[in-house]
Amino acid sequence: MKIILITGISRGIGKALAEKYLAEGHIVIGTSINGKIDFEHENLTVYKLDLSKPRSILKCIKKIIKSGIKIDIMHNNAGALFDDEETHVIVDKLQRTLMVNLIGTIDFTEQIIKTIRDDGHIVNTSSSAGSLTETDMKDALTSHFPFHYPAYKISKAAINMYTRTLAMRLEHEKTGVTVSSVHPGWVKTDMGGNDAPVLPSEAAADIYKLALSKPETGQFWFKGQKYPW
Ligand SMILES: NC(=O)c1ccc[n+]([C@@H]2O[C@H](COP(=O)([O-])OP(=O)(O)OC[C@H]3O[C@@H](n4cnc5c(N)ncnc54)[C@H](OP(=O)(O)O)[C@@H]3O)[C@@H](O)[C@H]2O)c1
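Residues numbered from 1 in each chain as written. Predicted model: local features only at pLDDT ≥ 70, side-chain atom pairs only at ≥ 80, totals over all residues. Heavy atoms only, no water.

Peer 1: Can you help me understand the packing of aromatic side chains in this one?
Peer 2: Under the counting rule described, the total for this entry stands at four aromatic pairs. With a centroid separation of 5.1 Å and 70 degrees between ring planes, the pair formed by phenylalanine 220 and tyrosine 227 is classed as edge-to-face. Each member of the pair phenylalanine 220 and tyrosine 227 is classed as buried. Feature note: the residues Phe220, Phe222, Tyr227 and Trp229 constitute an aromatic cluster, connected by ring pairs. Over the ring of tyrosine 208 we find lysine 20, and its NZ or CZ is 4.9 Å from the ring centre. The positively charged end of arginine 96 is found above the aromatic ring belonging to phenylalanine 82, 4.4 Å away from the centroid. (Phe/Tyr/Trp six-rings, centres within 6.5 Å; stacked < 30°, edge-to-face > 60°. Buried < 20%, exposed > 50% of the residue type's maximum accessible area, 1.4 Å probe, protein only. Lys NZ or Arg CZ within 6 Å of the ring centre and 35° of its normal.)

Peer 1: Is there a simple way to think about the packing of helix H3 (residues 91-112) against helix H5 (residues 150-172) in this case?
Peer 2: For any two helices packed against each other, the geometry comes down to the angle between their axes and how far apart the axes lie. One can describe the packing of H3 onto H5 by two numbers: an axis separation of 9 Å at closest approach and a directional angle of 20 degrees. What the angle tells us is that H3 and H5 run roughly parallel. Pair H3 / H5 crosses with right-handed handedness. Only Ala151, Tyr152, Ile154, Ser155, Lys156, Ala158, Ile159, Tyr162, Leu166 and Arg169 of H5 make contact with H3, whose side of the interface consists of Lys93, Leu94, Thr97, Leu98, Asn101, Leu102, Thr105, Ile106, Thr109 and Glu110. (Axes fitted to C-alpha atoms, helices over the stretch in contact; angles between N-to-C directions. Helix = DSSP H or I, 4+ residues; strand = E, 2+ residues; numbered from the N terminus. Parallel < 35°, antiparallel > 145°, perpendicular 65-115°, else oblique. Left-handed = near helix turned anticlockwise from the far one by under 90°. Contact = heavy atoms within 4.5 Å.)

Peer 1: For this particular structure, what's the right way to read the site of the ligand?
Peer 2: Taken together, 29 residues are adjacent to the ligand, and Ser10, Arg11, Tyr152, Val187 and Thr189 come closest. Tyrosine 152 is positioned with one of its side-chain polar atoms (N or O) 2.6 Å from an oxygen atom of the ligand. Threonine 189 is positioned such that a nitrogen or oxygen atom in its side chain is 2.5 Å from an oxygen atom of the ligand. Here the ligand has 890 Å² of accessible area as a free molecule, and 92% of this is covered by the chains. Residue assignment for the shell around the ligand shows that the elements contributing at least two residues are helix H1 (12-23) and H5. Residue composition of the shell around the ligand, by class: twelve nonpolar, 13 polar and four charged. (Near = heavy atom within 4 Å. Polar contact = N/O pair within 3.5 Å; in protein donor to acceptor, adjacent residues only side chain to side chain. Areas by Shrake-Rupley, 256 points an atom, 1.4 Å probe, with all protein chains shown as cover. Nonpolar A, V, L, I, M, F, W, Y, C, P; charged D, E, K, R; others polar.)

Peer 1: Explain helix H6 (residues 200-212) to me, please; I cannot follow it from the model alone.
Peer 2: Side chains that are three or four residues apart share a direction in an α-helix, a result of its 3.6 residues per turn. The end-to-end C-alpha distance of H6, which contains 13 residues, comes to 18 Å, matching closely the 18 Å that a straight helix rising 1.5 Å per residue would cover. Listed in full, the buried residues belonging to H6 are Pro200, Ala203, Ala204, Ile207, Tyr208, Leu210 and Ala211. Each buried residue of H6 lies within a common arc of 165 degrees when the element is viewed along its axis, so the set occupies one face. Buried residues along H6 sit against H1, strand E4 (71-76), strand E5 (116-125), strand E6 (178-182) and strand E7 (219-222). (Expected span 1.5 Å × (residues − 1). Arc of directions from axis to C-beta.)

Peer 1: What is the right way to look at unusual backbone geometry in this model?
Peer 2: Among all residues save glycine, negative phi is the norm, and among peptide bonds the norm is trans. Positive phi is not limited to glycine here, since tyrosine 149 has a value of about 50 degrees. Tracing the backbone shows tyrosine 149 in the loop between helix H4 (140-144) and H5. The buried category is assigned to tyrosine 149, whose relative accessible area is 10%. Its identity is not glycine, yet lysine 223 carries a phi of approximately 50 degrees, on the positive side. Along the polypeptide, lysine 223 turns up in the loop between E7 and strand E8 (225-226).

Peer 1: Would you mind going over the sheet that holds strand E2 (residues 27-32) with me for this structure?
Peer 2: Strands pair in a sheet through their backbones, by hydrogen bonds, and they do so in one of two ways: parallel or antiparallel. Strand order in the open sheet formed by eight strands is E3-E2-E1-E4-E5-E6-E7-E8, with mixed pairing between adjacent strands. Here the strands that pair on one side only, and so sit at the sheet edges, are strand E3 (44-48) and E8. Here five bridges tie E4 to E5, and the two strands are oriented parallel to one another. If you follow isoleucine 73 over to E5, its bridge partner there is histidine 121. Against the sheet, helix H2 (residues 54-67) engages strand E1 (3-6), E2, E3 and E4, with an angle of about 150 degrees to E3. (Pairing = 2+ DSSP bridges.)

Written out as structure tokens, the structure is:
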């Protein structure tokens with residue numbers, strides 16, 4: 001039985017991931033922006049977290065630290081897509097996107113790191129949209145929209161670099177903590193839309209398998225295989 005922290009379990013992939021861990025007998029600490037979700041479980045605790053607000057991050061961290069738990073696996077799953085198929089960077093949207101997908105996610109991770117076990121795993125949910133080498137192929141988002149959603153793509157490319165640098169730092173500090181980026185596929189959620197071919201439960205099953213394995217640190221994964229950066 002492991003202790004799992006997942007951001008953004010109110011819907012989509014995060015909800016499916018929480019349900020998968022709970023069904024397999026693990027303990028889940030989840031978050032949502034208003035601190036509420038529409039399901040309950042005896043092994044589930046939910047905290048309020050808005051990654052765009054540093055005070056909300058601090059409050060959530062304090063509660064987790066106060067609870068005295070040690071985390072085995074942390075999923076930075078929560079994410080936001082503010083672009084509306086635009087092709088130009090709209091600075092306000094870029095700032096809002098980066099606050100959630102990058103800066104808030106990093107702030108939260110850096111503050112929680114001391115509660116992660118030495119053999120733990122930090123899994124950053126990235127996207128093929130953040131891959132520099134795959135902007136012209138692979139899935140619908142990137143192949144049909146090669147220069148669309150720039151703010152979202154920039155945020156996911158940047159979180160990949162965080163995965164890489166954090167992995168190297170933790171290796172240097174000899175902590176044994178693994179850090180991974182994962183692409184979940186194009187998933188039928190509020191963000192992915194109804195045309196997406198992958199169900200949240202299918203994406204969650206792949207991510208669950210990766211998270212519980214002890215993969216090479218500092219890599220980008222999709223369905224258990226390395227994905228090009
Ligand atoms: N769906 C896809 O096809 C796809 C593809 C590649 C990557 N991804 C990535 O997979 C992850 C999950 O996506 P999804 O499709 O499940 O999205 P979703 O259905 O839109 O759910 C997003 C989740 O993130 C939370 N969230 C949003 N803004 C937040 C904020 N400011 N602070 C804290 N939590 C916030 C939401 O919480 P509330 O409900 O409380 O608002 C919700 O739980 C994201 O990182 C996304 O970028 C998705």
